[in-house]
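The residues making up each chain are set out below.
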Amino acid sequence: MSEFKVHHHVSELMNQLDVRSTDTVGAEVYTEMLLKNTTPYITTNVSANQAKRKIAESSKTPIEFLAKYDELKSKNVRDLDPLVFLMSKLSEEEQTKAVLEKNFRDKAEIQGATITPHDIPQMPAAGQKYTPQNVVELQMQLRKLKEGPAVSQVTSSEMLRKALREKQVQRNVNLPHQPEWLFQRSALTMDFIVGVDGPTDSNIVPLGNLPTMMQEQAILDDLLCCMQGIEGKYILARALTERYAPKEFMIDQSLDASLLEMVKRILPLSSNYSTVVRFIEEKSAFEYGLVNHALSSAMRTLVKDYMVLVAQLEQQLRLGTLSLQKLWFYIQPSMKTLEIMASIANSINRGECIGGAVLSLLHDKTSSFIGDVKGQELCLYLTQSACVPYFEVLEKWIYKGIINDPYSEFLVEENETINKEKLQEEYNDDYWEHHYTICRERIPVFLEQMADKILNTGKYLNVVRQCGRDVKCPNAEEVVYTLKEKKYFEQIERAYSYASKLLLDLLIEEKELLARIRSIKHYFLLDKGDFIVQFMDMTEDEMKLDIENIMPQRLESLLELALRTSTANVDPYKDDLKVDLLQYDLITQMFKILSIETSMEGDYKKFRSDPTDLHLSGLESFSFDYVVKWPVSLVLNRKALTRYQMLFRHLFYTKHVERQLCSVWVGNKSAKMYSLQSARWYSAAFALRQRMLNFVQNFEYYMMFEVVEPSWLIFESNMLSVSNVDDVLKFHTDFLNNCLKDCMLTNPQLLKIVHKLMMVCVTFSNYIMRLGYTTEVQMSELGQPKGRGNVNTSYIADKNRMKTKVVSEHVDEIIKNETFERTIGNFDSNFSRLLLELLEKIMEFSTSNVEVKLLNILHRLDFNGFYTEKLEALSAEKAVLDTSTHSSESG
């Protein structure tokens with residue numbers, strides 16, 4: 001079971017038990033514990049019987065429990081024994097039982113329901129008198145229990161007609177229409193036609209009035225009729241009390257006692273014949289699928305052999321050589337055969353089995369006849385016959401990748417609503433996982449271990465077929481049911497190896513999957529440095545505009561120009577790169593994905609309530625997109641491209657912040673012309689800019705060379721040893737997930753702090769650049785020397801000295817203003833506080849989650865121990881504060 005399913009079941013169980021999740025104890029913690037401590041449960045008859053007996057001993061109603069268990073077992077309910085085993089373990093835990101009982105009573109009180117069973121008559125408490133109303137209610141309940149369910153006397157054809165109509169409504173399959181005369185002609189049956197429960201011919205002489213020899217001959221004639229589904233004179237069939245009830249008979253009670261006892265021994269053969277014939281006629285309808293059709297056909301063949309035996313016995317009766325003792329001797333093999341077939345029919349009827357469920361039941365029956373050679377041969381014949389249509393569908397699937405399952409019986413189900421065209425459109429589209437899925441209830445037990453390989457084999461071949469390639473499996477052999485599962489396990493294994501190699505060669509060699517992924521890495525993970533710098537230079541003005549004022553066509557033309565004039569021009573897939581302007585920023589996108597139905601959803605809503613993020617600039621909304629065609633879109637689907645986009649936006653914005661700070665550094669070179677006093681005041685801003693630049697560059701270096709590149713090398717090495725497409729999907733997903741996690745994109749707390757740090761850096765850069773802009777305005781107002789030709793050198797020197805003096809005075813005037821000093825101080829304190837908070841969170845998460853890679857950014861920023869002292873001081877302050885708070889609370 002996957003981690004997602006375990007987490008879902010744990011969450012549902014916590015909701016049912018009203019267990020509130022906290023930061024320390026939640027569904028994630030229990031899921032991790034379960035995944036670490038899970039061991040496969042191997043059921044045996046001994047363990048199942050022990051668990052059943054243990055529950056029955058601790059139950060207040062053991063008879064009802066055992067009856068329900070037998071009923072579910074007869075219906076071939078899957079996972080019944082593991083559930084009983086779990087319940088037996090729970091019955092030993094007194095604390096768990098107390099919690100469950102309390103939870104049950106609390107819910108019953110909330111819903112206003114009673115916790116006493118309604119089917120059992122409730123007696124008044126001791127010491128209380130019966131009222132007339134109590135007596136009436138008790139009589140009515142006892143009468144209902146005595147009478148049982150109402151019985152409707154209906155004919156076999158009417159039952160069949162009703163059953164087929166109900167079945168057609170329940171199953172959503174396209175079935176041919178059944179003609180009405182099939183249900184109207186009640187005589188079209190090999191079963192007994194019953195009109196009344198008693199004899200109708202008044203001329204029939206009671207058997208007691210005849211001699212014993214004549215009684216035997218008369219009863220023999222009736223028995224042979226009953227063995228063919230026809231009523232006799234002295235043996236009459238009763239009407240069915242329910243749909244699958246065994247046929248019962250009425251015998252003339254005046255028959256000789258010894259003959260009567262022998263007749264009672266023989267009549268179960270007729271009852272089993274009736275059960276088998278009814279099963280054949282019902283399951284031959286379209287609604288019950290090809291497996292039941294094949295099983296009915298095999299049973300019909302055996303019934304024909306049985307009818308030949310009846311004809312031979314009738315011939316002996318006509319010759320006068322047949323007696324009851326001989327009849328009893330001759331029918332022994334047929335009695336065993338019909339008994340087994342009737343048992344199979346009853347089990348299938350009770351479980352309403354179709355398709356794989358029928359094969360599972362037949363397999364269990366065959367395995368149960370280990371000591372009975374004849375019985376096992378019979379069950380093996382029936383199972384092999386029933387498996388033929390199922391294995392034909394299986395062969396088409398594993399050898400050609402085609403599903404031809406008109407009655408929805410096969411273990412693989414196709415979901416036609418999920419199309420491969422949506423792989424490039426919807427983030428949550430999961431074509432590969434849900435276009436073809438496994439229906440667990442349709443898996444025969446003898447194919448359960450190979451179900452996943454059967455699914456993947458057909459999926460691989462189906463993808464190859466959709467690419468226009470013809471599929472011819474060289475190892476295509478007929479799959480035949482045997483008790484030795486190893487044989488068809490080997491056949492499925494060979495087909496799986498061929499299919500996986502065929503699709504893998506198609507993707508990697510013909511479609512050049514690895515080259516495609518490498519091309520995406522060049523652009524989305526900023527692998528082509530000259531291209532991204534050139535593109536950012538070209539689009540700098542466009543990125544400053546609001547998203548409503550940006551023309552995507554202009555960005556597309558600038559992107560193409562940057563591609564053609566950089567080293568990316570040699571990439572054969574560069575034309576597949578596109579521009580995408582998203583309607584949300586990176587933080588919104590990440591929180592939407594991370595906070596779905598989790599405890600962080602409240603934090604997301606609180607965070608997004610900030611009204612400053614209502615308008616997006618081009619820089620905040622910009623991202624690359626990539627056009628991928630089938631079948632490469634199996635790997636590079638929308639979900640994978642969205643992950644690439646999130647990484648790109650994170651790296652792209654960090655690169656933008658670095659460029660802004662570098663622009664500040666370039667602008668600050670003009671400070672050489674300021675006076676010594678101005679430079680002293682300006683030094684605080686220079687130092688802060690350098691700290692910011694150091695943080696951004698180290699953070700960018702960490703993501704590029706300590707996260708992306710090592711993960712990429714691991715991915716490339718894994719791709720060299722890949723054996724199937726599922727491994728490709730797994731390795732590619734692991735590569736993206738590791739990059740997202742180590743770049744702090746999957747941790748909301750770290751992501752918010754990094755985002756705030758970047759915002760402080762950008763705001764500081766804009767502030768310093770605005771000051772530089774005012775200085776440039778002052779310099780431009782001084783003017784330039786007019787005229788052309790040679791200009792006196794002394795005049796230029798005097799002009800420059802005048803510029804320096806005016807600019808220095810202007811800067812001095814700004815610096816002397818207390819607002820500048822206070823603003824720089826605010827930037828410094830905010831940056832230092834957020835950086836310390838980030839480093840502290842990194843240390844905390846690295847310690848608790850054993851994430852060693854995150855410590856690399858800490859070591860790079862704190863190479864000289866400067867921030868270590870700050871963190872120690874901050875920890876000491878928190879410890880003192882916690883101690884004082886604790887002492888005040890205790891006081």
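Attention now moves to the overall build of the protein. When helices and strands are counted, the protein shows 34 helices and six strands. When burial is assessed residue by residue, the protein has 42% of its 891 residues classed as buried. Considering only intrachain contacts with a sequence separation of at least 6, the fraction spanning at least 24 residues in the protein is 75%. Accessible area for the protein stands at about 49,300 Å²; split by element, carbon and sulfur atoms hold 54% of it.

This paragraph deals with the nonpolar core. F531, F622, F624, F695 and L838 are the most contacted members of the largest nonpolar core, which totals 115 residues. With 15 residues, the top contributor of residues to this core is helix α28 (residues 676-720). In contact with F531, other than residues within four places in its own chain, are Y523, L559, A562, L563, S566, A568, L577 and F624. In this structure, L378, L411, F446 and I454 belong to the second largest nonpolar core, which totals 89 residues.

Contact geometry for helix α16 (residues 373-400) and helix α18 (residues 451-466): axes closest at 6 Å, N-to-C directions at 55 degrees. The angle between the axes of α16 and α18 places the two elements in the oblique class. For the pair α16 and α18, contact is made by L394, W397, I398, Y399 and K400 and by I454, L455, T457, G458, K459, L461 and R465, respectively.

Before going further, it helps to spend a moment on helix α14 (residues 332-351). Taking 1.5 Å per residue as the helical rise, α14 with its 20 residues ought to reach 28 Å, and the 29 Å between its terminal C-alpha atoms agrees with that figure. Regarding α14, the residues found buried are S334, M335, L338, I340, M341, A342, I344, A345, S347, I348 and N349. Downstream of α14 by a residue or two, E352 has a phi angle that is positive, lying close to 50 degrees.

Turning next to unusual backbone geometry. Each neighbour pair has its own omega, and for W630 with P631 the value is 5 degrees, a cis peptide bond. Tracing the backbone through its elements, the reader meets P631 in the loop between β6 (622-626) and α27 (638-668). In this structure, E512 takes a positive phi of about 55 degrees despite not being glycine. Among the secondary structure elements, E512 is positioned in the loop between α19 (486-510) and α20 (513-524). Unusually for a residue other than glycine, M744 sits at a positive phi of about 70 degrees.

Inspection of every chain in the model, using the stated rule, returns 29 aromatic pairs. Judged by centre distance (6.2 Å) and plane angle (80 degrees), the rings of F524 and F624 are edge-to-face. With F524 in helix α20 and F624 in strand β6, this pair connects stretches of sequence that are 100 residues apart. Take F624: its relative accessible area is 0%, and that puts it in the buried class. Ring plane angle 65 degrees and centroid distance 5.7 Å describe the contact between W712 and F735, whose orientation is recorded as edge-to-face. Pair noted here: W712 is in helix α28 and F735 is in helix α29 (residues 725-742), with a separation of 23 residues, a long-range link. Take F735: its relative accessible area is 2%, and that puts it in the buried class. Put simply, the rings of Y523, F524, F531, F535, F622, F624, Y644, F648 and F652 pair up and form one aromatic cluster.

Across the five residues that make up β6, a large majority, five, are buried. Across the two faces of β6 the burial is the same, with F622, F624 and Y626 and S623 and D625 all buried. The pairing of strand β5 (residues 577-581) with β6 spans five bridges and is antiparallel. Residue pairing across strands places V579 opposite F624, the latter belonging to β6.

The full count for this structure, using the stated rule, is 25 salt bridges. A salt bridge links K501 to D505; its shortest N-O distance comes to 3.0 Å. A residue pair is termed a helical-turn pair when its members lie 3 or 4 positions apart in one helix, as K501 and D505 do in helix α19 at four residues. K501 gets classed as exposed once you look at its relative accessible area, which sits at 53%. On the basis of relative accessibility, which here comes to 27%, the residue D505 falls in the partly exposed class. With a shortest N-O distance of 2.8 Å, D828 and R691 are connected by a salt bridge. Of this pair, D828 sits in helix α32 (residues 818-849) while R691 sits in helix α28, and the two are 137 residues apart along the sequence. The network of salt bridges with shared partners includes D221, E314 and R318.

So, how was this worked out
Residues numbered from 1 in each chain as written. Predicted model: local features only at pLDDT ≥ 70, side-chain atom pairs only at ≥ 80, totals over all residues. Heavy atoms only, no water. Helix = DSSP H or I, 4+ residues; strand = E, 2+ residues; numbered from the N terminus. Buried < 20%, exposed > 50% of the residue type's maximum accessible area, 1.4 Å probe, protein only. Contact = heavy atoms within 4.5 Å. Areas by Shrake-Rupley, 256 points an atom, 1.4 Å probe, with all protein chains shown as cover. Core = buried A, V, L, I, M, F, W, Y, C linked by side-chain atoms within 4.5 Å. Axes fitted to C-alpha atoms, helices over the stretch in contact; angles between N-to-C directions. Parallel < 35°, antiparallel > 145°, perpendicular 65-115°, else oblique. Expected span 1.5 Å × (residues − 1). Phe/Tyr/Trp six-rings, centres within 6.5 Å; stacked < 30°, edge-to-face > 60°. Pairing = 2+ DSSP bridges. Salt bridge = Lys/Arg side-chain N within 4 Å of Asp/Glu carboxyl O.

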